[in-house]
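The lines below spell out each chain.
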Amino acid sequence: MRCALYLLTGLLLCQTGLAFAIDDILVVGLFKNKAVVLIDNKRRLLSIGEVSPEGVQLIRADSRSATLEIQGQRRKYMLGSRVKTTYANPQYAKTTIYRNTQGMYVTSGSINGQVVTFLVDTGASAIAMNKNTARRLAIDYEKKEALTVVNTASGMSRAYQVTLKQVKLGALSKRNVTALVIDGDAPQQVLLGMSFLGGLDIKNTGQMMVLEKKY
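Keep in mind that what you see is a predicted model, and the values were worked out from it rather than measured. (Residues numbered from 1 in each chain as written. Predicted model: local features only at pLDDT ≥ 70, side-chain atom pairs only at ≥ 80, totals over all residues. Heavy atoms only, no water.)

*Asks:* Let's hear about the overall build of the protein: which residues, and what values?
*Replies:* Assigned secondary structure in the protein consists of two helices and 17 strands. By residue count, 39% of the 215 residues in the protein fall in the buried class. In the protein, of all internal contacts separated by at least 6 residues, the share reaching a separation of at least 24 is 50%. Total accessible area computed for the protein in this model is approximately 12400 Å², and 48% of it derives from carbon and sulfur atoms. (Helix = DSSP H or I, 4+ residues; strand = E, 2+ residues; numbered from the N terminus. Buried < 20%, exposed > 50% of the residue type's maximum accessible area, 1.4 Å probe, protein only. Contact = heavy atoms within 4.5 Å. Areas by Shrake-Rupley, 256 points an atom, 1.4 Å probe, with all protein chains shown as cover.)

So this is what it looks like as structure tokens:
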């Protein structure tokens, strides 16, 4: 008897309207028109067209491969091949921010593990902070090769481009985020710009802003 080992994980199968959660499927024997399958450690000998109690159907088989139909999908598994399949619902991370009494979206978050106050600014290309905040966060920004000039409410100012190891806002988190350290006392709060917000689904209802990321 020639045997093959095939592992499929995380499958959600349906049969006669009922859902079956299957941890793994292992094909341990292959013959002409038959296959021996372990479904969650339960041994099933399937002939062509036969459906197991868990909802796995054998479509065809020989000594080299087997075709199984699982949840309406057919796949051919060659001898020695290994396949992992996950039927999982998409995961989301979502954070809601409310306007303050001044009508601004201000919230707490963290940069490199230290707490900061963010002012959400979708018009800013990157996260921006003043030099005092950068020093408090132990960000080494004074490098000539990173020096640039930015236009602020007070006019043109020098700024240093840096990379933040990690930025967190509620359930949302990003690593290696571009930021600007502005040479001066402004902004008083850290501007949360598009280097963090980019790629997020942003919904603004007028009184609250919902930020959501799909993984």
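*Asks:* Help me get a handle on the environment of Gly123, residues and values and all.
*Replies:* For Gly123, the position within the fold is in the loop between strand S10 (114-120) and strand S11 (127-130). Taking the relative accessible area as the measure of exposure, Gly123 reaches 70% and is therefore exposed. Distance in space between the C-alpha atoms of Gly123 and Met194 is 7.6 Å, their sequence separation being 71 residues.

*Asks:* With reference to specific residues and values, describe the sheet that holds strand S8 (residues 92-98).
*Replies:* On the basis of which strands lie adjacent, the open sheet formed by three strands has the order S8-S17-S16 and antiparallel pairing. The open sheet has two edge strands with one neighbour each: S8 and strand S16 (201-204). Geometrically, the sheet is characterised by an average inter-axis angle of 15° between neighbouring strands, direction not taken into account. (Pairing = 2+ DSSP bridges. Axes fitted to C-alpha atoms, helices over the stretch in contact; angles between N-to-C directions.)

*Asks:* Could you give an account of the pattern of salt bridges, naming the residues involved and the relevant values?
*Replies:* Scanning all chains against the criterion turns up two salt bridges. For Asp183, the salt bridge is made with Lys131, and the minimal N-O distance between the two is 3.5 Å. Taken together, the residues span a long stretch of sequence, with Asp183 in the loop between strand S14 (172-182) and strand S15 (190-192) and Lys131 in helix H1 (residues 131-136) at a distance of 52 residues. Taking relative accessible area as the criterion, Asp183 reaches 25% and is therefore assigned partly exposed. The partner of Arg158 in a salt bridge is Asp183, with the nearest N and O atoms 2.6 Å apart. (Salt bridge = Lys/Arg side-chain N within 4 Å of Asp/Glu carboxyl O.)

*Asks:* Before we move on, could you go through the side chain of Ser110 and cite the residues and values that matter?
*Replies:* Along the chain, Ser110 falls in strand S9 (residues 106-111). Overall, the relative accessible area of 15% leaves Ser110 in the buried class. Excluding anything up to four places from it in sequence, Ser110 contacts Val115, Val116, Phe118, Gln166, Val167 and Lys168.

*Asks:* I'd like a description of the packing of aromatic side chains, backed by residues and values.
*Replies:* All chains considered together, the criterion is met by one aromatic pair. The residue whose ring lies beneath Lys174 is Phe196, and the NZ or CZ to ring-centre distance is 5.6 Å. (Phe/Tyr/Trp six-rings, centres within 6.5 Å; stacked < 30°, edge-to-face > 60°. Lys NZ or Arg CZ within 6 Å of the ring centre and 35° of its normal.)

*Asks:* Tell me about unusual backbone geometry, and name the residues and values.
*Replies:* For residues besides glycine, phi is generally negative; the peptide bonds are generally trans as well. Looking along the chain, the bond that leaves Ala186 and enters Pro187 is cis, with omega of 0°. Phi at Asn33 is positive, roughly 70°, even though this residue is not glycine. Residue position: Asn33 is located in the loop between strand S2 (18-31) and strand S3 (34-39). Looking at Asn33, the relative accessible area reads 36%, which means it is partly exposed. One non-glycine residue, Asn176, lies in the positive phi region at around 55°.

*Asks:* Could you give me a rundown of the nonpolar core, with the residues and numbers involved?
*Replies:* Membership of the largest hydrophobic core comes to 29 residues, with the highest contact counts inside it found for Ile111, Ile127, Met129, Leu164 and Phe196. When contributions to this core are tallied by element, the ones reaching two or more residues are S8, S10, S11, strand S13 (155-169), S14, S15, helix H2 (194-197) and strand S17 (208-214). In terms of residue count, the dominant contributor to this core is S13 (five residues). Listed in part, the 13 residues of the second largest apolar core include Ile25, Leu46, Leu58 and Ala61. (Core = buried A, V, L, I, M, F, W, Y, C linked by side-chain atoms within 4.5 Å.)

*Asks:* Tell me about the confidence of the model for the protein, and please be specific about residues and values.
*Replies:* Looking at the protein as a whole, the pLDDT averages 79, with 78% of positions reaching at least 70. Note on residues 1-19: pLDDT under 50 across the span, and 78 contacts to partners over four residues away in sequence or across chains. Segment residues 80-90 is flagged for pLDDT under 50; beyond a separation of four residues in sequence, or across chains, it makes 25 contacts in the model. (pLDDT = per-residue confidence, 0-100.)

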